[in-house]
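Okay, here's what each chain looks like letter by letter:
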Amino acid sequence: MGRSSSSGEGRQAPRGVSTLIGILGLSKSRTRSAATSRALPSLQPRESWSRRGNLSDVMVDSDVQRVQVKENIKFTPSLSEQRHKFVLDFVRKHKPQKVADLGCANCKLLWRLKYHESIEVLAGLDIDENILTRNIYRLHTGAGDYLDPRERPLTITLYHGSVVEKDPCLLGFDLITCIELIEHLEAKELAQFPEVLFGFFSPTTVIISTPNFEFNPLFSGKTLFRHPDHKFEWDRTQFQSWASEAARNYGYSVEFTGLGEPPPGAEAVGFCTQIGIFMKNKPNIQPLHNEKTIECTHTTVGTVIYPSLKEEKYLRKAVSNEVFSQILKMKRVLLESLKMKNDSDSGDELEFVKPKYNESKNDPFEETPKPFCIENVFYVPLERLFSFPKIKHLCGDLETLKMLIADEVTLSSDGSSVMINIVDEEDCDLSDNDGDDL
Amino acid sequence: MAGRARVKARGLCRSQEPSPLDPPLAASGNHPTMRENEASVSTNLLETVKEGISAGDWNACTLTQRGGKTWNNFLELGIHTREKLAHVKDCKTGSSGAPVKLVTNLFNVGLPRGWQLFQYHVTFNPELASKRLRIALLYNHNKFLKKAKVFDGAMLFLSEKLEEKVTKLSSETQKGTYVAITVTLISELPSSSPVCIQFFNIIFKKILRKLSMYQIGRNFYSPSDPVEIPQHKLSLWPGFAISVAQFENKLMFTANVTHKVLRNETVLDFMSGLYNRKDKSHFLETCEKELLGCIILTRYNNRTYRIDDIDWTVKPTDTFQKRDGTKITYSDYYKQQYDITLTDLNQPMLVSRLKNKQIDSGEVRIAHLVPELCFLTGLSKKVTSDFRLMKDLATETHLNPTRRQQRLSRLADNIQRNTEARFELETWGLQFGCQMSLTGRVVPSEKLLMQDTTCQPMSAADWSRDMRNCKLLEARPLNDWIIVCSHRNEDAAQCLLSCLRRVSSPMGFHMEKPKIIKVQENTAAFIRAIQQHVNPDTQLVMCVLPSNQKDCYDSIKKFLSLDRPIPSQCVLARTLNRHGMMMSIATKIAMQVVCKLGGELWAVEIPLKSLMVVGIDVSKQTCTKGYSAVGFVASSNSRITRWFSRCILQNTKTDIADCLKVCMKGALNKWYRYNHCFPTRIIVYRDGVGDGMLQTIVDYEVPQLLSSLRDPNSNYSPKVSVIVVRKTCIPRFFTEMNRTLQNPPLGTVIDSEATRPEWYDFYLISQSTHQGTVTPTYYNVIYDDNGLKPDHMQRLTYKLCHLYYNWPGLIKIPAPCQYAHKLTFLVGQSIHREPRMELADSLFYL
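Residues numbered from 1 in each chain as written. Chains lettered and ligands numbered in written order. Predicted model: local features only at pLDDT ≥ 70, side-chain atom pairs only at ≥ 80, totals over all residues. Heavy atoms only, no water.

When helices and strands are counted, chain A shows 14 helices and 13 strands. Expressed as a percentage of the 438 residues in chain A, the buried residues total 55%. Considering only contacts within chain A whose residues lie at least 6 apart along the sequence, 75% involve residues at least 24 apart. Here chain A displays about 20200 Å² of accessible surface, and carbon together with sulfur accounts for 51% of that area. (Helix = DSSP H or I, 4+ residues; strand = E, 2+ residues; numbered from the N terminus. Buried < 20%, exposed > 50% of the residue type's maximum accessible area, 1.4 Å probe, protein only. Contact = heavy atoms within 4.5 Å. Areas by Shrake-Rupley, 256 points an atom, 1.4 Å probe, with all protein chains shown as cover.)

Attention now goes to helix H12 (residues 401-417) of chain B. All names here are of chain B. Taking 1.5 Å of rise per residue, 17 residues should cover 24 Å, and H12 covers 24 Å from first to last C-alpha, within 8% of that figure. Those residues of H12 that fall on the buried side of the exposure criterion are Pro401, Arg404, Gln405, Arg407, Leu408, Leu411, Ala412 and Ile415. Looking down the long axis of H12, one finds its buried residues gathered within 160 degrees of arc, a one-sided arrangement. For H12, exposure combined with an orientation more than 90 degrees from the buried face picks out Arg410 and Arg417. (Expected span 1.5 Å × (residues − 1). Arc of directions from axis to C-beta.)

Before going further, it helps to examine the environment of asparagine 216 of chain A. All names here are of chain A. With respect to the helices and strands, asparagine 216 occurs in the loop between strand E5 (205-211) and helix H10 (236-250). The exposure class of asparagine 216 is buried, given its relative accessible area of 6%. Asparagine 216 sits 53 residues away from valine 269 along the chain, and the two C-alpha atoms are 9.0 Å apart. If we ignore the near neighbours within four places in the chain, the residues touching asparagine 216 are Leu224, Phe225, Arg226 and Glu233. Side-chain polar atoms of asparagine 216 contact the side chain of glutamate 233, separated by 2.6 Å. (Polar contact = N/O pair within 3.5 Å; in protein donor to acceptor, adjacent residues only side chain to side chain.)

A few words on the pairing of strand E4 (residues 175-179) of chain A. All names here are of chain A. Burial runs high along E4: 5 of the 5 residues are buried. Side chains Leu175, Thr177 and Ile179 of E4 all project onto a buried face; the interleaved residues Ile176 and Cys178 project onto the opposite face, where all are buried too. Two elements, strand E1 (residues 98-102) and E4, share 3 bridges in a ladder whose sense is parallel. Directly across from alanine 100, in E4, lies its bridge partner isoleucine 176. Examined bridge by bridge, E4 and E5 share 5 bridges and lie parallel to one another. Among the inter-strand pairings, threonine 177 is bridged to a residue of E5, identified as isoleucine 207. Where the polypeptide runs from E4 across helix H9 (residues 187-201) and back to E5, its parallel neighbour, the crossover connection is right-handed. (Pairing = 2+ DSSP bridges. Right-handed = clockwise from strand over helix to strand, strands pointing away.)

Residues and elements named next belong to chain B. Pairing in this open sheet of 3 strands is antiparallel, and the strands run E14-E17-E18 from one edge to the other. Looking along the sheet, the strands with just one partner apiece sit at the ends: strand E14 (309-311) and strand E18 (365-369). With direction set aside, neighbouring strand axes in the sheet form an average angle of 35 degrees. In this structure, E14 lies alongside strand E17 (residues 349-354), joined through 3 bridges in antiparallel fashion. Each residue of the ladder has a partner; that of isoleucine 310, found in E17, is leucine 350. (Axes fitted to C-alpha atoms, helices over the stretch in contact; angles between N-to-C directions.)

What follows is about the nonpolar core. One finds Met542 and Tyr819 of chain B to be the most contacted residues of the largest nonpolar core, which totals 93 residues. The element best represented in this core is helix H18 (residues 582-596) of chain B, accounting for 9 residues. Beyond its immediate chain neighbours, meaning those up to four positions away, methionine 542 of chain B contacts Trp481, Ile482, Ile483, Val484, Leu496, Leu500, Gln569, Val571, Ile589 and Val593 of chain B. Ranked by size, the runner-up nonpolar core spans 71 residues in total, among them Cys104, Ile136 and Ile277 of chain A together with Leu369 of chain B. (Core = buried A, V, L, I, M, F, W, Y, C linked by side-chain atoms within 4.5 Å.)

Let us look at the packing of helix H6 (residues 194-210) of chain B against helix H13 (residues 419-427) of chain B. All names here are of chain B. One can describe the packing of H6 onto H13 by two numbers: an axis separation of 8 Å at closest approach and a directional angle of 165 degrees. In terms of axis orientation, H6 runs roughly antiparallel to H13. H6 and H13 meet at a crossing whose hand is right-handed. Residues Ile203, Phe204, Lys206, Ile207 and Lys210 of H6 lie in contact with H13, whose contacting residues are Glu420, Ala421, Glu424 and Leu425. Along the lines of polarity and charge, the residues of the contact of H6 with H13 split into 5 nonpolar, no polar and 4 charged. (Parallel < 35°, antiparallel > 145°, perpendicular 65-115°, else oblique. Left-handed = near helix turned anticlockwise from the far one by under 90°. Nonpolar A, V, L, I, M, F, W, Y, C, P; charged D, E, K, R; others polar.)

Now for the pairing of strand E19 (residues 374-377) of chain B. Residue and element names in this part refer to chain B. Alternating positions in E19 separate into two faces, Cys374 and Leu376 on one and Phe375 and Thr377 on the other, with burial throughout. Judged from the 2 bridges that link them, strand E11 (residues 251-266) and E19 form a sheet pairing that is antiparallel. Directly across from leucine 262, in E19, lies its bridge partner threonine 377. Strand direction decides the pairing type here: strand E12 (residues 295-298) and E19, joined by 3 bridges, are antiparallel. Across the sheet, isoleucine 296 pairs through a bridge with leucine 376, a residue of E19.

So this is what it looks like as structure tokens:
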């Protein structure tokens, strides 16, 4: 059931004919077809295909008979990449918060998904524990995630288990994706799957993709299915009837689309990958199941928690960094203008200086109080700081700004400005100096 | 620090998953599995197999490590020098001095009696290029399922022996290929074998990863509780450098507190910072000057790259070709791939040349990176020269013994409490024990010999007060000298001169009036003035520099070390503006001048007569690439107060042993000229030894040194000792005083338990720190036919730490090493050529 295998196809497409033939050729030695026919006795009389024997010789259905496929079909970008992109575009449009990928295998879709700000909970489930432990590294946090934390929290959890187990950990999701998953299910599992997915997990949206069997003759391979672990491959009618029934039974509406256009002349076979998008008709008002009463069957392989600005320590850090960098920028401008002044009027003692900024005419900050200088202390009004879009965005209001930076900076006595010394402190302690030319 | 930080950053780069690096490649998917080149591993292993079952001989195999370096280099296992030294074969510990109880950062690692590690070699037929696949196939076998195992793709370690010596297994890949796996026992290793030590290191790395620490290079950090220094845009991650090693008779886990410095600044921030300066004319140049060569960290995938170039013609709105042939703009690519919206569409692109995995293919792969998404890493030279920044950094990174101990106990606690970590230890039968404490000795303090008195300093850390009214050992009068200063600094120079005259007479240093020359504030004017005013009798040139511009200092030093060899003293005008401190500054300068004129400041009692001590340091930080500066400093009198020096620049590829011969000859001739005989004993302190260089020194340098001293045509054959000095080492020692942990007292020697059985080694604490925890200096006597007792060797070393004339106090390494270091620093940073031999007798490089 691990979609690990789907990557096989993903890889073959851009890599050309030889690999594909290699893959398909090798798998010929395995006699999975027996298992397959057992798995799907009722669904498809596929004898018609097997009777034809060598698939490479096969001419496609009557109306596209002129299209004989000699070259293998390649997709650019690869089909697996296109499927990922499809999900990502969907996420970008619908902005789900909780997303799960069933049969997540090498975790590459999860890896792509983790970059999306809208998502706060990501889950992956696979039957192959090994592949999860080997690939969880893709989802780990890195230095960059701490240096520039996400705005919203993100927790990624990988579960080991079967997709037909009713585990409460997958309840309440906004989107569940099953990319190239169902064709790996045994007949019995496939029968249980709609009840578990739509009935129990009952997410707001579901994306299911599976190969379109009608497209297969266009491949020059010699095997029945695209991958040896596939228990079946459906044509459009089969998939659509299965999907429509499931949708009807559990209160969803379904739309069909696909990826991988057939070559000119063979349009009738449809997309290479067929996709069903399921939307729940009535949103969940209250949880269907009480999570606590149901026993967990999945084991957690790993959890990764991302730092985010929702945690105060990271927010504090982000704000004070931004505040300091703005203050230092202003200070530099001030010092430069002082220096120019000094150079021109041969160094008068400065008592009170209001620096002139070379500000453009339509300066958004014009309304806010300007920084000023009294003796050697530079004052930057908090209001001024707050007018910087980034700081405003991070803090929300002035009080929060004050609270967040209070520990990092010195505030003026009335608490309205940040104070900073413009003259560098005594910069060298002699005792630290180990001799040298002084 | 810049260099080290950079190395660390590179370590980070190497430790990353080897997958496609540049955005165009990353676009079409990460399937590194099929492409990894593991050729090096397999060749290594073939040799091993040919040798059959070995008893775990070190050279038989090296596990490949994340991070590239093998542990062989790091721990320098398998070098046995002690067994050749007859007088310390049985006992290398001293006995003099007061015992002191010490706590260490070493933790016992317990093993059951008769513990063994079983090493297997695994072959796959057909051969599989992908290491990931090899691991996956092997681990899928039930035989290995619940067993403690470590497998690097070729070498398998088990804690339990398999039934058969050769086990044959077969597997099927997901693609349906049948693969035959043969697992062959190659050795049964006792816990002390080098392979085992390396293996334990891997286990403990695994454990630290289980504690959700983040590995960068060799060290582990906790990014979740960072220390922020926002005023400098820095983040510090607290962490540990860990290792497992065999100490005197026990296996020990050592942990040292370290910090990773990260910069909260993107390249774009940095660039706009430069751009917003008033002077925009040199923006492009400054930008390239500051940024090229920097290591950057990409925000989205946490990889590191080196900036090789900046392409000002390419913008984020330009397109590039992805690996699958489609074209896309950079900004769209980042939006699609990482959901990142670039804010500045006019920024230039950083160019990084990627390392080629296939070495033979000559094509150069290039990645374009967006400055906005790249964080700067490491500390640039400019940053490290910012005094206040370094001070703020030091307050956070230099932990005192108490805070250090807190962190250590927390780590030990975590290892013992974390269930996963404990499980890992238990499956291998390891036990994480308690922190080791041991007894060190504090050697007696030294008296300073001055001209007509001896003085027992209050504190050996700083005896400037004690010396205040003592006459220096020998100060030659300064009769003919000049001061060069700018017009603006004339007052400062006058003030300095009057202070110098006031402090010099109590020292017994006679100083005539100098000629003061006032010049314009530029380098050329200074040089011209010096050129005009020095004559053959000039003893010293003193320059009051208007600013600490390096080129001015460099030009003066160059001219006065190469063209007209005259000792020189540079003083920054800024230093002279600190009025309250003028007298102490003048005292320091006066003493420095005395040294530069060939005088002697103080001495300590050296019981051995006719002993020459030599310090050698090698510095790679020269401006000319591929060259290193070898500094050689040898004492030329038996009081060990006068020094002969040579500095030789040489290609890093050639062995430094050759030039040692030349230097040694020179030092002996000088000794003969002053003492009319040759020294009977020579003790060489070798500093600047990098990780993994010990073997080379034992095999090449020592024989070369000896051959230059053992001329078969004469009957001169001095006794020689060679001691490798290391300023960095793993152990730390704390002592409990007044119920708090503190640094051990000065003069503490540790020569048991924390030392290594195969070496004649000891730790000596000879420096005090104001801040943080003292790092002991590690001495390893690799050759010794002087036959001194360990006690005497330790005390002599301690005495030599008193003799550095640039600091009135103890220093962390023997004075000759510090002199050699100073010399190589001056040559490497400023002169870039070998200084004239006329100066060889004075400490002109102070």
